[in-house]
Amino acid sequence: MAAAAEAEEELAHAEVLELFQAALARLVQDPLLCDLPPQVTAEEIGSQVALEYGQAMTVRVCKADGETMPVVVVQNASVLELKKALRRHVQLRQARQGGVQHLSWKYIWRTYHLTYAGEKLADDRKKLREYGIRNRDEVSFIKKLRK
């Protein structure tokens, strides 16, 4: 009896998930959200809407190889929030492209740092605005030099 109820519950969950994905796919067809990927998450939709209403900003994170990653954070975000958003951006991209599934972010932040206009973003609690970072500004992802 319990197994039948469990199977019914799983089926209901699968149906709900399918309906949710279909609704997201229709939502992404909106001109405001058309540049989002087909397998969009609710978080990405929320970020895009926040951008449109001026509640968030895009910070372009530039890697040494020339790749630029657009990362969305709230207007009064701290350096730590930017790092978390960058981590989420990379994880989503890797999941979609089927790349490496696990990165050691502890290693990454020991080996690299973010800079803006030549200044290291060293204090995780400091607001991006205090460094002068605004919407569409570029932050560089730089390898730390050995001491």
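Preceding this paragraph is the structure being described.
Remember, it's a predicted structure, so these values are computed and weren't measured experimentally.

J.: Is there a simple way to explain the pattern of salt bridges in this structure?
T.: When charged atoms on two side chains of opposite charge get close, those side chains can pair. Enumeration according to the criterion identifies 8 salt bridges in this entry. Note that E138 and R60 form a salt bridge whose closest N and O atoms lie 3.4 Å from each other. With E138 in strand β5 (residues 138-143) and R60 in strand β1 (residues 56-62), this residue pair connects regions lying 78 residues apart in the sequence. Among the residues examined, E138 registers a relative accessible area of 41% and is labelled partly exposed. When its relative accessible area of 29% is taken as the criterion, R60 is described as partly exposed. When salt bridges that share partners are traced, they join K63, D65, E67 and R93 into one network.

J.: Please clarify how the layout of surface pockets should be interpreted in this entry.
T.: Empty space among the atoms can be located by rolling a probe the size of a water molecule over them. Space inside the largest pocket adds up to approximately 710 Å³. Of all the secondary-structure elements, those providing two or more residues to the lining of the largest pocket are α2 (42-52), β1, β2 (68-74) and α3 (79-97). The residue makeup of the lining of the largest pocket, split by class, is 13 nonpolar, 5 polar and 8 charged. One number sums up the size of the second largest pocket: a volume of about 250 Å³. What lines the second largest pocket is a set of 13 residues, among which K63, M69, L103, I108 and F141 lie closest to the centre. The set of elements that each furnish at least two residues to the lining of the second largest pocket consists of α3, α4 (105-111) and β5. A per-element tally of the lining of the second largest pocket places α3 first, with 4 residues. Taken together, the residues that form the lining of the second largest pocket break down as 9 nonpolar, 1 polar and 3 charged.

J.: Hey, could you run me through the side chain of T115 in this one?
T.: Note on placement: T115 falls in strand β3 (residues 112-116). Residue class for T115 comes out buried when judged on its relative accessible area of 13%. Excluding residues within four positions of it along the chain, T115 makes contact with K120, L121, V139, S140 and I142.

How each quantity is defined
Residues numbered from 1 in each chain as written. Predicted model: local features only at pLDDT ≥ 70, side-chain atom pairs only at ≥ 80, totals over all residues. Heavy atoms only, no water. Salt bridge = Lys/Arg side-chain N within 4 Å of Asp/Glu carboxyl O. Helix = DSSP H or I, 4+ residues; strand = E, 2+ residues; numbered from the N terminus. Buried < 20%, exposed > 50% of the residue type's maximum accessible area, 1.4 Å probe, protein only. 1 Å grid on protein atoms, 1.4 Å probe; cavity = no way out; pocket = protein on both sides within 12 Å on 5 of 7 lines; lining within 4 Å. Points joined across faces, edges and corners; volume = space filled by probe spheres on them. Nonpolar A, V, L, I, M, F, W, Y, C, P; charged D, E, K, R; others polar. Contact = heavy atoms within 4.5 Å.

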